[in-house]
Amino acid sequence: MKYITIEENGIHIVFGITKKNQIKLLHFSRIEFNEEDICHFGEECKVEDRGRKEQFIDEAFQLVQINLSGYNRPYEKHGNKHIVTAPGYLLTYAGMEDTCNDIGRRLVIHQEDTEVTHIHVETVMQFYDGSSVVRVYNTVKNVGEEMQTLEYISSFCYTGLEKEGNWTSDEKMVVAIPFNGWQKEMSIQKFYFGTLGLAQTQPGVYQRTSQVLEVTNTGNWSTKKYLPLGYVENREAHTGLFWQIEHNGSWHYEISDQNMHFYLCVSGPTEVQSHWFKNLAPGEEFTSVPVAVGVSHDSFEEAMGELTKYRRMIRRPNRDDEELPVIFNDYMNCLFGDPTTEREIPLIDAAAECGCEYYVIDAGWYAPGEWWDSVGEWQECRERFPNGIKEVTDYIREKGMVPGVWLELEVMGINCEKAKQAPDDWFFVRHGKRVYDRSRYQLDFRNPAVIAHVNEVIDRVVNEYGVGYIKMDYNIEPGIGTELYAESVGQGMLEHERAYLAWLDDVFRRYPDLVIENCSSGGLRIDYALLSRYSIQSTSDQEDYRNYATIAANAAAGVTPEQAAVWSYPMHIFTEYGFSKPGYVERGIEEVIYNMVNAMLLRIHQSGHLAELSAERLDLVKEGIQIYKRIRKDIKNALPFWPLGLAHNEDMWLCAGLKMEDKAYVAVWKRDMLGKYDNRKPIKNRDLRDNLIEIPLEGLHFSSHEYEIKILYPELEQVPYAIVNDVLEVHFAKPVMARLFEIKEIKREEPSFTILDDGFILL
């Protein structure tokens with residue numbers, strides 16, 4: 001076995017070249033490689049047994065899993081696992097290029113099958129200076145004379161997740177699964193392998209289970225069930241591996257076992273999960289979706305810090321993520337898609353008074369009454385805006401703000417006149433019929449006529465209406481894809497999604513300072529195919545600010561803080577569940593504070609009936625925005641941390657922060673379930689300790705253990721707090737409260753001295 005060792009940015013990678021001239025990925029970790037870890041369980045696989053070990057390696061550790069139709073898969077795999085793929089197991093090593101570019105080191109690895117399928121596979125591994133993350137993707141080319149059908153290709157495949165250490169995988173292996181969903185985004189849960197059906201039931205022999213942990217998305221809502229993100233840690237070896245799939249559609253990753261090791265396979269769409277396959281004619285090639293893979297200690301927090309740095313590196317440079325302007329949007333717990341000139345004017349005045357810098361007219365500006373199934377032409381509605389929408393956008397600019405509007409360009413309602421006149425190939429089609437979802441059709445961005453249509457809308461709202469911000473929403477799921485002009489419906493979907501990204505690139509080339517928000521019923525497309533282009537992401541449609549705290553606390557795991565838009569919507573009226581409804585009493589100031597704290601470490605999406613708030617409550621909004629403007633220069637460079645761990649929906653106490661070298665901002669929330677969130681009702685016979693939370697600060701990693709701490713927001717409504725032995729103690733007496741803290745490291749100058757020739761010390 002010949003080894004090729006790569007050490008870059010704290011990443012240790014080892015390839016092995018076998019006697020059969022096959023390249024194997026044997027090691028990908030923050031720690032160095034130990035050959036004995038490859039095969040050290042059981043009598044039948046001792047390191048001393050070289051012949052058996054070589055067979056063991058020959059059957060696994062493929063760098064690329066690639067499956068073509070019609071070829072045998074001879075080794076044990078059980079079920080639908082994407083291992084022992086053919087010709088994946090046939091590929092032989094054809095060379096490696098090791099170069100550097102302005103980003104970092106770049107490896108290109110070549111493999112080929114010259115005897116059976118006649119394909120060539122190229123693996124690109126792009127390193128990023130200053131980050132322990134590598135971007136990986138594979139390109140397969142048919143260099144033969146016959147058509148080949150591609151059913152699966154991995155973007156990243158690694159065997160040996162658990163190989164370091166002597167504990168069983170049941171004891172040491174933990175995976176974090178980032179669940180996502182409408183109004184319950186960013187719900188990240190950790191599991192031991194055994195609790196997910198991956199128990200080590202055959203220690204010392206080959207494990208050939210049919211059980212697979214599958215985390216999958218099928219469709220155009222890329223994060224409707226999970227974020228395209230994963231993390232696994234070895235608690236004994238203190239190592240972590242994390243990955244991010246950079247695709248805006250169908251994707252898949254799986255963890256299972258092969259030959260006594262656990263493997264990870266990460267990909268875009270697949271035939272089994274996504275109804276995807278691709279015919280490769282002679283000379284044709286296909287490139288997988290890119291995947292970012294990184295290493296860390298066994299710390300989800302450290303892994304997300306590295307991923308945050310990487311995300312900033314791959315993102316389109318833009319002014320929005322540098323300046324972090326405050327946005328007012330008239331939708332959430334405010335106009336709810338029913339705007340008029342009369343309703344907008346007082347809101348515009350109040351938003352400007354509070355210090356907002358963008359003002360967005362949300363849904364409804366293009367049609368009277370109920371508009372859901374008629375959208376698609378995006379012309380201003382004179383019933384809502386008698387003098388035209390430009391009167392309102394001009395007024396927004398007069399007030400010193402940049403105007404914005406809501407669009408949902410990827411769809412047309414079934415009662416849209418333009419949709420009725422357009423040919424079927426404007427839309428997704430399956431079984432010879434247009435695809436419906438929620439009274440909408442899905443436009444196909446491969447069609448040049450569709451591109452002309454959406455470009456006309458963009459040009460009009462920017463050049464005629466004077467818009468500088470677009471909230472780009474997307475509220476349907478068109479399913480597995482389209483059958484038009486593609487071998488498979490999944491391939492039709494993939495081509496559409498890549499065409500949509502190309503269209504976005506063109507829009508930003510034409511309008512580099514235009515801010516476009518990525519919204520999909522809130523956070524149902526939080527992926528870095530889109531977010532490497534869009535500068536800001538809607539995190540949720542959550543309408544209850546108390547539940548929003550969970551999403552806000554965890555948001556920096558899914559998106560950089562400066563891209564994570566969080567609603568703040570102080571209520572002018574109140575119900576038991578937090579919705580605006582006439583006839584209910586006005587809520588206390590703690591509700592306003594809580595709303596503002598939700599957003600102040602991310603991006604403020606201000607809303608609510610500001611014009612109807614009392615002076616005291618409006619002053620708290622103003623104060624929050626003023627303080628945000630002071631700290632936002634730090635947000636764009638800071639890294640996230642979670643002193644109490646990740647937030648969960650049932651937690652009473654939540655805490656999340658952003659840290660720099662010698663300073664941190666920490667948000668603390670309390671929401672007492674037993675108190676039913678009601679600040680007006682005292683809770684009797686409760687343990688006083690329920691009002692106290694102890695927040696460890698060792699995660700700040702300050703060089704000293706002396707702190708200067710203050711409540712940053714609000715300045716007047718103070719609460720008892722103290723730091724004792726690197727622990728911040730906070731006392732919240734009411735059931736629902738939140739505060740924002742600033743913590744600075746106290747650095748004391750070391751006394752300087754000089755040792756004289758006679759041995760004396762001169763201070």
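The preceding data block contains the structure.
Just so it is clear, the model here is predicted, and its values are computed rather than measured. (Residues numbered from 1 in each chain as written. Predicted model: local features only at pLDDT ≥ 70, side-chain atom pairs only at ≥ 80, totals over all residues. Heavy atoms only, no water.)

**Side note on the sheet that holds strand β38 (residues 721–724)**
Reading across the sheet, the three strands line up as β36-β39-β38 and stay open at both edges, with antiparallel pairing between neighbours. For this open sheet the edge positions go to β36 (692–696) and β38, each flanked by a neighbour on one side alone. With strand direction ignored, the average angle separating the axes of adjacent strands in the sheet is 20°. Note: β36 against strand β39 (residues 727–731), five bridges, orientation antiparallel. When the bridges of β39 are listed, proline 696 appears paired with valine 727. (Pairing = 2+ DSSP bridges. Helix = DSSP H or I, 4+ residues; strand = E, 2+ residues; numbered from the N terminus. Axes fitted to C-alpha atoms, helices over the stretch in contact; angles between N-to-C directions.)

**Regarding the side chain of lysine 278**
As for its placement among the helices and strands, lysine 278 is situated in strand β17 (residues 278–280). Looking at lysine 278, its side chain comes within polar contact range of the side chain of glutamate 284, at 2.7 Å. The residues touching lysine 278, leaving out its near neighbours within four places in the chain, are Gln148, Thr149, Leu150, Glu284, Phe286, Glu487 and Gln491. (Polar contact = N/O pair within 3.5 Å; in protein donor to acceptor, adjacent residues only side chain to side chain. Contact = heavy atoms within 4.5 Å.)

**So, the nonpolar core**
Trp365, Leu407, Ile458, Val461, Met472, Trp503 and Trp669 are the most contacted members of the largest nonpolar core, which has 138 residues in total. The element that contributes the greatest number of residues to this core is helix α12 (residues 545–558), accounting for nine residues. In this view, leucine 407 contacts Trp365, Trp378, Val457, Ile458, Val461, Ile470, Lys471, Met472 and Asp473; residues no more than four positions away in its chain are not counted. By size, the runner-up hydrophobic cluster in this structure holds 55 residues, among which are Val134, Tyr158, Trp251 and Val293. (Core = buried A, V, L, I, M, F, W, Y, C linked by side-chain atoms within 4.5 Å. Buried < 20%, exposed > 50% of the residue type's maximum accessible area, 1.4 Å probe, protein only.)

**What about the packing of helix α7 (residues 341–354) against helix α8 (residues 389–398)?**
Where α7 contacts α8, the axes come no closer than 10 Å and their chain directions differ by 5°. Taken together, the axis directions place α7 and α8 in an arrangement best described as roughly parallel. Here α7 contributes Thr341, Glu344, Ile345, Ile348 and Asp349 to the contact with α8, which in turn contributes Glu391, Val392, Tyr395 and Ile396. (Parallel < 35°, antiparallel > 145°, perpendicular 65-115°, else oblique.)

**Quick look at the environment of lysine 224**
When you line up the elements, lysine 224 lands in the loop between β12 (213–217) and β13 (229–234). Counting along the chain gives 302 residues from lysine 224 to isoleucine 526, while the straight-line C-alpha distance between them is 9.1 Å. Non-local contacts of lysine 224, meaning those with residues more than four positions away in its chain, are made with Asn180, Gly181, Asn217, Thr218, Gly219, Glu477 and Leu524. Within polar-contact distance, the side chain of lysine 224 engages the backbone oxygen of threonine 218 at 2.7 Å. Of the polar contacts made by the side chain of lysine 224, one reaches the backbone oxygen of tryptophan 221; its length is 3.4 Å.

**Looking at the sheet that holds strand β26 (residues 436–437)**
Remark on secondary structure: sheet strands pair via backbone hydrogen bonds, oriented parallel or antiparallel. Strand order in the open sheet formed by three strands is β23-β27-β26, with antiparallel pairing between adjacent strands. Every interior strand has two partners, whereas the edge strands, β23 (411–413) and β26, have only one. With two bridges joining them, β26 and strand β27 (residues 440–442) adopt antiparallel strand pairing. Along β27, the bridge assignment pairs aspartate 437 with arginine 440.

From the geometry alone we can't say anything about function, so treat these as descriptive.
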